[in-house]
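Residue-level listing of the chains:
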Amino acid sequence: MRRITSPKQSVKTILVRPASGKKTRAIVQVGPLRIPAAIGRSGRTSRKREGDGATPIASMKVLSGFLRGDRLGQPKTALTLKRTRPSMLWCDAPGHPSYNRLVRAPFKPSHEEMQRKDELYDICLVLDWNVTLRRRNAGSAIFFHLIRPGYEPTAGCVAVSRPDMLRILPHMRRGTVVRVL
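So, how was this worked out
- Starting from 1, residues in each chain are numbered consecutively following that chain's sequence as written.
- Selection of residues for local features in this predicted model requires a pLDDT of at least 70, selection of side-chain atom pairs for listing and counting requires 80 or more, and totals for whole chains, interfaces and linings are taken over all residues.
- In computing side-chain properties, one takes all heavy atoms of the structure into account and sets aside hydrogens as well as water.
- Nonpolar core, defined: a set of buried Ala, Val, Leu, Ile, Met, Phe, Trp, Tyr and Cys residues in which side-chain atoms within 4.5 Å join the residues together.
- Partly exposed residues are those whose accessible area sits between 20% and 50% of the maximum for their type, while under 20% is buried and over 50% is exposed, using a 1.4 Å probe and protein chains only.
- When checking whether two residues touch, look at their non-hydrogen atoms; a contact exists if any pair is within 4.5 Å.
- Whenever a carboxyl oxygen of Asp or Glu lies within 4 Å of a side-chain nitrogen of Lys or Arg, that contact is scored as a salt bridge.
- Counting from the N terminus, the helices are DSSP H or I runs at least four residues long and the strands are E runs at least two residues long.
- At least two bridges found by DSSP between two strands is the condition for calling them paired.

Observations regarding the nonpolar core
Among the nonpolar cores identified, the biggest contains 32 residues, and V28, L125, F144 and I168 are the most heavily contacted of them. Filtering out sequence-adjacent residues up to four positions away, L125 remains in contact with V62, S64, G65, L79, L81, I142, F143, F144, M165, L169 and M172. Residues W90, M114, L120 and V126 belong to the second largest nonpolar core, which totals 13 residues.

See the structure below:
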């Protein structure tokens, strides 16, 4: 693997290419750097639907991010990473007005906890899939986050190892595009 030459060098687009042999694996390309990743359990799709387990084939801007501050220090990045709290949830209930938005506990409709017991969202970047322009049932909580051991598939997100995420973050800004091919 090659390094990006300058710590201040940012990239405009991060490519996520399918890896050969397994539909749930990908290669994330950041400049000349190529790193292994996991994608959705159903592979990739151009027709993303809520709960389908697929990663959308799309160009998605990085909108914001979250950090599990009680587990990690602030990484080097120009992105603003909001520290998660136990009350932070992400609504994935298509019929709710807060669909695909951050909400606060207590919240009864379907949701994801942003401060998870596992480490997946210790660093979690929100991608602009169905966020800026929302459509009911078009998919929610498409994040760029940390990976499960063994590169297990995601529910539709893009996931990389913690060391690789820490190598990528210094080159990302709000608006960096994550392009899934």
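Observations concerning the pattern of salt bridges
Applying the stated criterion to the full structure yields nine salt bridges. Linking D122 and R162 is a salt bridge whose minimum nitrogen-to-oxygen distance equals 3.0 Å. Here D122, found in the loop between β10 (111–113) and β11 (123–127), pairs with R162, found in helix α1 (residues 162–168); they are 40 residues apart in sequence, far enough to count as distant. Overall, the relative accessible area of 24% leaves R162 in the partly exposed class. One salt bridge in this structure joins D164 and R167, with 3.8 Å as the shortest N-O distance.

Topic: the pairing of strand β8 (residues 88–91)
With burial as the criterion, each face of β8 is covered, one bearing M88 and W90 and the other bearing L89 and C91. Pairing of β8 with strand β9 (residues 102–104), which is carried by three bridges, proceeds in the antiparallel orientation. Counterpart to L89 in the pairing with β9 is V103. Bridge count for β8 against β10 is three bridges, and the pairing is antiparallel. Pairing of W90 across the sheet is with E112, part of β10.

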